[in-house]
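Commentary on secondary and tertiary structure
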Amino acid sequence: VEAWKGLKKKDVLDSTPKNVQSQQKKGKKKALLVGCLYRGTRNQLQGCVNDNKYIQYMLVQRYEYHPSNIMMLNDHQQDPKYLPTRNNILNACTWLLRDSKPGDRLFFQFSGHGSKERDYSGAELDGYNETILPIDFKRAGMISDDTLHDYLVKPLRKGVVLHALADSCHSGTVLDLPYITEPDYSNFFMWKYAAARYKAGGGGDAVLFSSSRDNQTSADTSTFTGGIAATGAMTYCFIKAVESKSANTYGELLVSMYSTLRKAAAGQQMAPSAGGFGMFSFLLSGGVGGQAFN
């Protein structure tokens, strides 16, 4: 988890989205969900659009986001404006933050490939910028953490909350937030500075859940669904933690996610059973006429 500004490192893990919002006026909810399959290339993935569908369903059914306020960019879209190209992603980030006001709740998801590139500014502790890869990255270029910070964090006004999921390689600090943490095997959290230099923002609150450290890789898998469908491991663990209703703070959410990952690593069966784990049972059966998948 990366955290920034109003959600200080000392209290973010004891906070919840509900607690944060209770201190603010009720505002609108908007989401941008990006999934890149890179179809027809040697970089092709399998589960990224599924990740989009799962998160869309969760936002609509659990958190009362209106479908018209959720923009989905992925390889399955027929309209070129909604393909996850570099230009479309950045334009959509602008849409997500546009006209935001105190009390607004924003959600950003990226599921796809991530990479790194040399940083020459001295701002990165490891000397590299973390990046996400749009489907046209070979022609248009990658999107760096500097750019994502400029589009998603810097314009974030006081009273606005952004939650983000990055299910990609090297995504630990992909929003360039100043603090980062993860639980150890005893579920103890130690906050660390995530950058060599502090980046200013607009005064809002930002929390990022990422699937890997900056020096790690990630993958999509069908292990968690018993071979039924491919999904990003972190996305699955995030939704499973939400579905369990046992995680009431960000810290508890992280602990629940790590528990699922450790069970999978130990070879325990993760597939949802009939009548159990409602969201995935519903989605993996195809939903109701695909309505949740539009």
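Higher on the page you've got the structure.
Now for a quick tour of the structure.

General note: in soluble globular proteins, nonpolar side chains tend to be found buried as a group. L32, V34, L96, F108, L152, L162 and L175 are the most contacted members of the largest nonpolar core, which has 37 residues in total. Among the secondary structure elements, those contributing two or more residues to this core are strand 2 (29–35), helix 2 (48–63), strand 3 (70–74), helix 3 (86–97), strand 4 (105–111), helix 5 (145–153), strand 8 (161–167) and strand 11 (205–210). No other element matches helix 3, which puts seven residues into this core. Discounting residues that sit within four places of it in the chain, L96 has contacts with K30, A31, L32, L106, F107, F108, L152 and L162. In terms of nonpolar packing, the next biggest core, distinct from the first, is built from 24 residues, L33, M234, A241 and Y250 among them.

Taken as a whole and assessed by the stated rule, the structure comprises three aromatic pairs. An angle of 85 degrees between the planes, with centres 6.3 Å apart, marks the rings of Y38 and F137 as edge-to-face. Of this pair, Y38 sits in the loop between strand 2 and helix 2 while F137 sits in helix 4 (residues 137–140), and the two are 99 residues apart along the sequence. Summarising the burial analysis for this pair, Y38 and F137 share the class buried. By way of ring pairs, the aromatic residues F209, F238 and Y250 are connected into one cluster. Stacked on the ring of W95, the Lys or Arg K30 has its end atom at 4.3 Å from the ring centre.

Calculation notes
Residues numbered from 1 in each chain as written. Predicted model: local features only at pLDDT ≥ 70, side-chain atom pairs only at ≥ 80, totals over all residues. Heavy atoms only, no water. Core = buried A, V, L, I, M, F, W, Y, C linked by side-chain atoms within 4.5 Å. Buried < 20%, exposed > 50% of the residue type's maximum accessible area, 1.4 Å probe, protein only. Helix = DSSP H or I, 4+ residues; strand = E, 2+ residues; numbered from the N terminus. Contact = heavy atoms within 4.5 Å. Phe/Tyr/Trp six-rings, centres within 6.5 Å; stacked < 30°, edge-to-face > 60°. Lys NZ or Arg CZ within 6 Å of the ring centre and 35° of its normal.

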